[in-house]
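Chains, contacts and geometry: an overview
Spelled out from the first residue to the last, the chains are:
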Amino acid sequence: MLECNETLQQALERNVEDALREDIGRGDRTARLVPPKKRVQAFVTAKEDAVVAGQSWFAACVARLDTDAQIQWLVHEGAPVKANSAVCRISDDARALLSAERSALNFLQMLSGVATVTRRYVDEISGVSPNSKGCAILDTRKTLPGLRQAQKYAVRVGGGLNHRMALWDGILIKENHIVAAGGVRRALEQAKSLGGNISIQIEVENLVELQEALDAGAECILLDDFSLDDMSHAFIVNGGRAVLEVSGGVDLDSLRAIAATGVDRISSGALTKHVRAIDLSMRIHA
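So, here is what we can say about the structure in this document. (Residues numbered from 1 in each chain as written. Predicted model: local features only at pLDDT ≥ 70, side-chain atom pairs only at ≥ 80, totals over all residues. Heavy atoms only, no water.)

1. Description of the side chain of glutamine 201
Keep this limit in mind: The helix and strand labels rest on DSSP assignments: H or I over at least four residues marks a helix, E over at least two residues marks a strand, and numbering proceeds from the N terminus. For the purposes of these results, a polar contact is taken to be a pair of N or O atoms within 3.5 Å, where, inside protein, one atom must be able to donate a hydrogen and its partner to accept one; residues adjacent in sequence count only when each atom of the pair is a side-chain atom. Residue contacts are counted whenever heavy atoms from the two residues lie within 4.5 Å of one another.
Assignment of secondary structure puts glutamine 201 in strand β8 (residues 200-204). Reaching out from glutamine 201, the side chain makes a polar contact with the side chain of histidine 163 at a distance of 2.9 Å. A polar atom in the side chain of glutamine 201 sits 2.9 Å from the side chain of glutamate 245. Beyond its immediate stretch of four places on either side in the chain, glutamine 201 contacts His163, Ile171, Leu172, Ile173, Cys220, Ile221, Leu222, Glu245 and Arg265.

Put into structure tokens, the structure is as follows:
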């Protein structure tokens, strides 16, 4: 087990090192076709509408191979970009840029994909909820291996919120935990006895378990695979006592109806698990 929890910056550095090591290995054979020390200008262009995310990963890939490289971003992180618009201009050593190109674009494409779909989810439920606090979109732990920090960062860029970062970041009591602990109340009591300033959430599968959780003082409750009618009833029964989150069977088509029930949060693994990279291209202007 790790002795400490990885920070976002540490994750970024690891991501970039892994990507370049994986792609370049002992050397880029094709880049040797280009004369050494040749400086070039290049542009990255979006081929479709998107929300840009991942600039730090892109820049780190480029800088790792040429510390003198210069990048001028023409779109701010988190800003929308239209198809056929330039995202950035790069001045770099030709060999270094060609070697960094694929890894740098992979990060920018993937993270922009996460931010873009997250923004769609957020916009889809805007103004729909009867809840005075509104309704938030959250991710899950269903992320690409090794890229959790990066993908959850992109969710934030897209306007969403992060569920717990990892197993070390909060307690989520699920069905098997409840059974093993001897019931909803005992599971919650055991979680609270562990101490520490950490969040505790419990998953319930029906309205009976919801009432048990509320009676036991639950502050955050996950409604797993509830029907829309049961979600609406849960909102009424809850009366603002606990934060209600919906998970399971969530997609873009079902979002508005779920938000309209009044729940506080909607979490979806699709934001990071089903990510489709945005189409970006890099062209060198010699």
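2. A look at the pattern of salt bridges
Cut-off, in case you're wondering: Whenever a carboxyl oxygen of Asp or Glu lies within 4 Å of a side-chain nitrogen of Lys or Arg, that contact is scored as a salt bridge. When accessible area is computed with a 1.4 Å probe and restricted to protein chains, residues below 20% of their type maximum are described as buried, those above 50% as exposed, and intermediate ones as partly exposed.
According to the stated counting rule, one finds 10 salt bridges in the structure shown. With a closest N to O distance of 3.0 Å, arginine 39 and aspartate 66 form a salt bridge. Of this pair, arginine 39 sits in strand β1 (residues 39-46) while aspartate 66 is found in the loop between α2 (55-65) and β3 (70-73), placing the two residues 27 residues apart along the sequence. On the accessibility criterion, aspartate 66 (9% relative accessible area) is buried. One salt bridge connects arginine 265 with glutamate 245, and the closest N-O pair in it is separated by 2.5 Å. Remark: glutamate 245 occurs in strand β10 (residues 243-247) and arginine 265 occurs in strand β11 (residues 265-267); sequence separation between them is 20 residues. Residues joined by salt bridges that share partners form a network here, namely Glu17, Arg21 and Arg64.

3. Quick notes on the environment of leucine 20
One can find leucine 20 in helix α1 (residues 8-24). Sequence-wise, leucine 20 and arginine 265 are 245 residues apart; in three dimensions their C-alpha atoms are separated by 37 Å. Not counting residues within four places of it along the chain, the set of residues in contact with leucine 20 comprises Gly25, Cys61, Arg64, Leu65, Ala100 and Ser103.

4. Describing helix α7 (residues 207-215)
Under the convention used in this document: Note that the arc is defined by the directions from the helix axis to the C-beta atoms.
If you check which residues of α7 are buried, you get Leu210, Ala213 and Leu214. Burial along α7 is one-sided: seen end-on, the buried residues are contained in an arc of 100°. Where α7 is buried, its residues meet α6 (184-193), β8, β9 (220-224), α8 (228-238) and β10. Of the residues that open α7, the one with a side-chain oxygen 3.1 Å from the backbone nitrogen of valine 208 is asparagine 206. Just downstream of α7, glycine 217 is the residue with a positive phi angle, here 85°.

5. Focus: the sheet that holds β10
Rules: Here, strands pair whenever DSSP counts at least two bridges between them. Axes, fitted as lines to C-alpha atoms, cover a helix only where it is in contact. Angles between the N-to-C directions of the axes lie from 0 to 180 degrees.
Strand order across the open sheet formed by six strands is β6-β11-β10-β9-β8-β7, with parallel pairing between neighbours. Of all strands in the sheet, those with a lone pairing partner are β6 (136-138) and β7 (171-173), marking the two edges. Adjacent strand axes in the sheet meet at a mean angle of 25°, parallel and antiparallel pairs treated alike. Bridge count between β8 and β9: three bridges; the pairing is parallel. Looking at the pairing, glutamate 203 lines up with leucine 222 of β9.

6. Let's talk about the sheet that holds strand β12 (residues 280-285)
On the basis of which strands lie adjacent, the open sheet formed by four strands has the order β3-β5-β1-β12 and antiparallel pairing. The strands lining the two open edges of the sheet, one partner per strand, are β3 and β12. Direction aside, the axes of adjacent strands within the sheet are offset by 20° on average. Pairing between β1 and strand β5 (residues 86-93): seven bridges, direction antiparallel. Pairing of threonine 45 across the sheet is with alanine 86, part of β5. Seen against the sheet, α2 touches β1, β3, β5 and β12 and runs at an angle of roughly 160° to β3.

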